[in-house]
Amino acid sequence: MAKIRIVDVTNRDGEQTARIVLSKLQKTIINIMLDQMGIYGSELGFPLSPHEWEYINANVDLTQINDHDGEPVIRQLRLEGWSRAVAADVEVALRKTKVKNLNLSISTSQQMLEWKFRGKFSRDDIIKMMTDAVRTALEGGCEVVGINAEDASRTDLEFLKDFGLAGKEAGAQILRYCDTLGYDDPFSISERIAWLAREVGMPLELHCHNDLGLAVANSIAGAVAACDEGVDAYINTTVNGVGERAGNADLVSVVLALRHSSQLSQRGYLDEGIDLTKAWRLANYVADAFGLPIPINQVGVGANAFAHESGIHADGALKDRSNYELYDFEELGRGQTEERRTGREILTGQHGGTSGLEYVYSRLDLAFRDAEHTRQTLHLVQYANLCNQKQLTEEELRFIYHHPDIARRLLTLTP
Ligand SMILES: [Zn+2]
């Protein structure tokens, strides 16, 4: 049976969003958490950007380096880079990074051909640039190459078919349908994807934006249409729905909808490997890292997702939570009581010293071998605090402790 898998793009589309930014350490922690949730892939950034090179290579290395439990730090998450579908860009990406999965993007709509490329390229030119880039990627050692049709929802279907078939012929494995402006609706995308699945016969990836509030619905409608035609589908999500303008499809919403909506829950299309019990933690981590609080009505992870106050609702939820809750909070990893310190606090950071550092780590049950170990860790913690511009989280402190060499690489930026 065809399957729907999630490729999260928080570290690419999410991070390229106006007004927000992540440090390389934060991006790495997000990849590790996505991996722990059994998410299939992470589009982790831009292998053409010099400031991403060391981060991308360090993350690829984390798929080989064992954690303290003897398993690789990143076990199964497929790390994918985004590049323009330009052979010269692909060459640089593969020369500078160890990424083995590339998504090659080029505009396909008449609007963009005329008004972005200013008529410089014909449709044949677009296909040639894309196939040249695909071949360059495969010859350069790429294992999986996806082709992204930017503005696919405003592209006529016959051209998308030609684009997909030419890419497939050149060796691309996935066609990404980008609803770049959030123009589709669930009905249009379902029809268009079903037709493409039949005509092109290759796995389809849904990349939907939320300009009309339809990103989740469109992603699901498209992915289900592909699966109904027997073709595997991928959905691009972001944590908390961050992304260009009104954002991308929210990760938690997509998974919950496929698991719990009235008919889709019966289809069995969703990748069974996904574990949402880390979702609460990840949503909060990403919210803090971006400095974007989670709206109280956010699906699954908002403060009100399981809150009941009005008389009839509270009474009903107390009698049987299924009266007013569609899914259990435990599924999202919620339910624990969080400790909040109200007395003395000892923190560590860019101006911290060894005593404070040892105290903070002792609360995580981590001790230092000797003075040199303490000094080296303190050095990294200072730089990490400087890069993140905020107090380090438990995940970050543990990562620095267990993987100091990788942490050092993530903290090294040389303009
Ligand atoms: Zn996008």
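## Examining the overall build of the protein chain
- Scanning the protein chain for helices and strands turns up 16 helices and nine strands.
- A compact globule built from 415 residues should have a C-alpha radius of gyration of about 22 Å, and the protein chain, at 22 Å, falls within 12% of that.
- Each of the three principal axes of the protein chain carries a C-alpha extent, and together these read 65 × 60 × 40 Å.
- Relative to its 415 residues, the protein chain shows a buried fraction of 46%.
- A sequence separation of at least 24 residues applies to 72% of the contacts in the protein chain between residues at least 6 apart.

## Details of the domain arrangement of the protein chain
- We note that the domain assignment places domain 1 (4-290) and domain 2 (354-410) within the protein chain.
- One C-alpha centre belongs to domain 1, the other to domain 2; they are set 33 Å apart.
- The partner domain 2 presents 13 residues to the 16 residues of domain 1 that form the contact.
- Contributing elements (two or more residues each) for the side of domain 1 that touches domain 2: α2 (24-36) and α3 (50-62).

## With respect to the pairing of strand β4 (residues 101-107)
- Where burial is concerned, most of β4 is hidden: seven out of the seven residues are buried.
- Of the two faces of β4, the one lined by Asn101, Asn103, Ser105 and Ser107 and the one lined by Leu102, Leu104 and Ile106 are each fully buried.
- Here strand β3 (residues 78-84) runs beside β4; their pairing, made up of five bridges, is parallel. Along β4, the bridge assignment pairs Glu80 with Asn101.
- Remark: the β3/helix α4 (residues 87-96)/β4 crossover connection has right-handed handedness.
- Taken together, the seven bridges between β4 and strand β5 (residues 144-150) define a ladder with parallel strand orientation.

## Comments concerning helix α6 (residues 123-139)
- Over its 17 residues, α6 extends 24 Å from the first C-alpha to the last, a length consistent with the 24 Å expected when each residue adds 1.5 Å.
- Every buried residue of α6 is accounted for by Ile126, Ile127, Met130, Thr131, Ala133, Val134, Thr136 and Ala137.
- Buried-residue contacts for α6 involve α4, β4, β5 and α7 (157-170).
- Gly141, located one to two residues past α6, shows a positive phi value of around 105°.

## Notes on the nonpolar core
- The biggest cluster of nonpolar side chains holds 113 residues, and the ones touching the most others in it are Leu104, Met130, Leu204 and Ala233.
- No other element matches the 10 residues that helix α9 (residues 215-228) contributes to this core.
- Shared between two domains, this core takes at least three residues from each, and those domains are domain 1 (4-290) and domain 2 (354-410).
- Leave out the neighbours within four places in its chain, and Leu204 touches Leu175, Tyr177, Ile193, Leu196, Ala197, Ala226, Val231 and Ala233.

## Some remarks on the packing of α4 against α6
- At a minimum axis distance of 8 Å, the contact between α4 and α6 shows a crossing angle of 20°. Comparing the axis directions of α4 and α6 gives the class roughly parallel. The hand of the α4/α6 crossing is right-handed. Where α4 approaches α6, its residues Ala87, Val90 and Glu91 are matched on the opposing element by Asp132, Ala133, Thr136 and Ala137.
- Taken together, the residues of the contact of α4 with α6 sort by class into four nonpolar, one polar and two charged.

## Considerations on α2
- Taking 1.5 Å of rise per residue, the 13 residues of α2 would be expected to cover 18 Å, and the 18 Å separating its terminal C-alpha atoms lies within 8% of that figure.
- A large share of α2 lies buried, amounting to 12 of its 13 residues.
- Of the residues flanking the end of α2, it is Gly38, one or two places downstream, whose phi is positive at about 75°.

Conventions and cut-offs
Residues numbered from 1 in each chain as written. Predicted model: local features only at pLDDT ≥ 70, side-chain atom pairs only at ≥ 80, totals over all residues. Helix = DSSP H or I, 4+ residues; strand = E, 2+ residues; numbered from the N terminus. Rg over C-alpha atoms; globule rule 2.2 N^0.38 Å. Buried ≥ 20, exposed ≤ 12 C-beta atoms within 10 Å, placed from the backbone. Contact = placed C-beta atoms within 7 Å. Domains from an automatic or database assignment. Pairing = 2+ DSSP bridges. Right-handed = clockwise from strand over helix to strand, strands pointing away. Expected span 1.5 Å × (residues − 1). Core = buried A, V, L, I, M, F, W, Y, C linked by C-beta atoms within 7 Å. Axes fitted to C-alpha atoms, helices over the stretch in contact; angles between N-to-C directions. Parallel < 35°, antiparallel > 145°, perpendicular 65-115°, else oblique. Left-handed = near helix turned anticlockwise from the far one by under 90°. Nonpolar A, V, L, I, M, F, W, Y, C, P; charged D, E, K, R; others polar.

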